[in-house]
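# A closer look at the structure
Given next are the chains, with one letter for each unit.
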Amino acid sequence: MSPTLAEVITALERAYPPALAESWDAVGLVCGDPAEPVRSVLICVDPVESTVDEALELGADLVLAHHPLLLRGVNGVPASDPKGRLVHRLIRAGAALYCAHTNADSADPGVSDALAEAIGIVGTVPLEPKPDAPNLGLGRVGELPEAEPFAAFVDRVAKALPATAWGVRAAGDAERMIKRVAVCGGAGDSMLGAATRSGADAYVTADLRHHPAGEHLEKGAHLPALVDVAHWASEWPWCEQAARVIRETFGGNVAVRVSERLTDPWTLASS
């Protein structure tokens, strides 16, 4: 028998407790009837037109997204508004939308665990642990099974993540040996200090800005080398992690699909 939406939400909130979300965040159920059955789920990073199209094509009962649809307060969701139109389309199709954002970032395991796993980093612990729960918090730091040159490590990251127009950018000595690695799914230049304090040889994240990256590198070659990837790509591995939560909880009673549609906003690159 298919679980109800309420039962699926209970499983998701056990894995990604809403209490872990940052104070500014908007997580949880956006639309949907908790009493309705969930037979199929589409998991994605971005709740945008493309992934809503995919969900409705599949006949999904639930879209589980990492990024919130309505992050900032709104007074209404008219169908004439792009985001309101998505809400109307989902409701008309009988599909729910649930978002797990910074609560999934800080969970154990969470978004950065999935990124670390994809790259092949083991033995991870949070970069910024919660004071009352050292296994929870933002970012992760761990080690590669064997040290390798930075150039080879950058190739490893590129092969581990889906290709994007943004690509993989790196700053550091190509021959430097990399063993200890810090990661942060999503925008992570605010955690450059934590990556440095962790003793990492390299730091993998997204959306590194010019000045914070430059100022970090100017402090010395002993600091972590930098690897900058597309925001979407850094968080996409989490989708399979979330899929495992649903599969392990409900078995074959819920069909789960991870969206492979590229929703990174950057679509063209020129060299």
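Before reading on, note that the structure itself is shown above.
Quick look at the structure, then. (Residues numbered from 1 in each chain as written. Predicted model: local features only at pLDDT ≥ 70, side-chain atom pairs only at ≥ 80, totals over all residues. Heavy atoms only, no water.)

Here we take up the overall build of the protein chain. Scanning the protein chain from terminus to terminus reveals 10 helices and 11 strands. Taken over C-alpha atoms, the radius of gyration comes to 19 Å for the protein chain, in line with the 18 Å a tight globule of 271 residues would show. Projected onto the principal axes, the alpha-carbon positions of the protein chain cover approximately 55 × 40 × 35 Å. Per-residue burial for the protein chain yields a buried fraction of 48% across its 271 residues. The contacts in the protein chain between residues at least 6 apart in sequence include a share of 69% that link residues at least 24 apart. (Helix = DSSP H or I, 4+ residues; strand = E, 2+ residues; numbered from the N terminus. Rg over C-alpha atoms; globule rule 2.2 N^0.38 Å. Buried < 20%, exposed > 50% of the residue type's maximum accessible area, 1.4 Å probe, protein only. Contact = heavy atoms within 4.5 Å.)

Here we take up the environment of Val 256. The topology assignment puts Val 256 in strand S11 (residues 255-258). Setting aside anything within four residues of it in sequence, one finds Val 256 in contact with Val 41, Ile 43, Ala 243, Ile 246 and Arg 247.

The next point concerns helix H6 (residues 150-160). Looking at H6, one finds that the buried residues are Phe 150, Phe 153, Val 154 and Val 157. Burial along H6 is one-sided: seen end-on, the buried residues are contained in an arc of 100°. Against helix H5 (111-119), strand S6 (133-149), strand S7 (168-171), strand S8 (177-187), strand S9 (202-206) and strand S10 (225-229) lie the buried residues of H6. (Arc of directions from axis to C-beta.)

Checked against the element boundaries, Ser 106 lands in helix H4 (residues 102-106). A relative accessible area of 0% means that Ser 106 is categorised as buried. Setting aside chain neighbours within four positions, we find Ser 106 in contact with Leu 20, Lys 130, Leu 136, Gly 137, Leu 138 and Arg 140.

What follows concerns helix H10 (residues 237-250). Taking 1.5 Å of rise per residue, 14 residues should cover 20 Å, and H10 covers 21 Å from first to last C-alpha, within 8% of that figure. Gly 251 sits one or two positions beyond H10 and adopts a positive phi of about 55°. (Expected span 1.5 Å × (residues − 1).)

Here we take up the pairing of S11. Residues Val 256 and Val 258 point to one face of S11 and are all buried, whereas Ala 255 and Arg 257, pointing to the other face, are not buried. As paired strands, strand S2 (residues 40-44) and S11 are joined by four bridges and run parallel to one another. Paired with Ile 43 across the strands is Val 258, a residue of S11. (Pairing = 2+ DSSP bridges.)

In this section: the nonpolar core. Grouped together as the largest cluster of nonpolar side chains are 54 residues, with contacts concentrated most on Ile 43, Leu 64, Phe 153, Val 204, Trp 238 and Ile 246. It is H10 that contributes the most residues to this core, seven residues altogether. Ignoring any residue separated from it by four or fewer positions in sequence, one finds Leu 64 in contact with Leu 12, Val 41, Leu 42, Ile 43, Cys 44, Tyr 98, Trp 238, Ala 242 and Ile 246. By size, the runner-up hydrophobic cluster in this structure holds 15 residues, among which are Cys 44, Ala 55, Leu 86 and Leu 90. (Core = buried A, V, L, I, M, F, W, Y, C linked by side-chain atoms within 4.5 Å.)

Reading across from one edge, S1-S4-S3-S2-S11 is the order of the five strands in this open sheet, with mixed pairing throughout. The open sheet is flanked by strand S1 (28-31) and S11, the only strands paired with a single partner. Each neighbouring strand pair of the sheet contributes to a mean axis angle of 25°, computed without reference to strand direction. Where helix H1 (residues 5-15) meets the sheet, it contacts S1, strand S3 (62-65) and strand S4 (96-99), and its direction lies at approximately 10° from that of S4. (Axes fitted to C-alpha atoms, helices over the stretch in contact; angles between N-to-C directions.)

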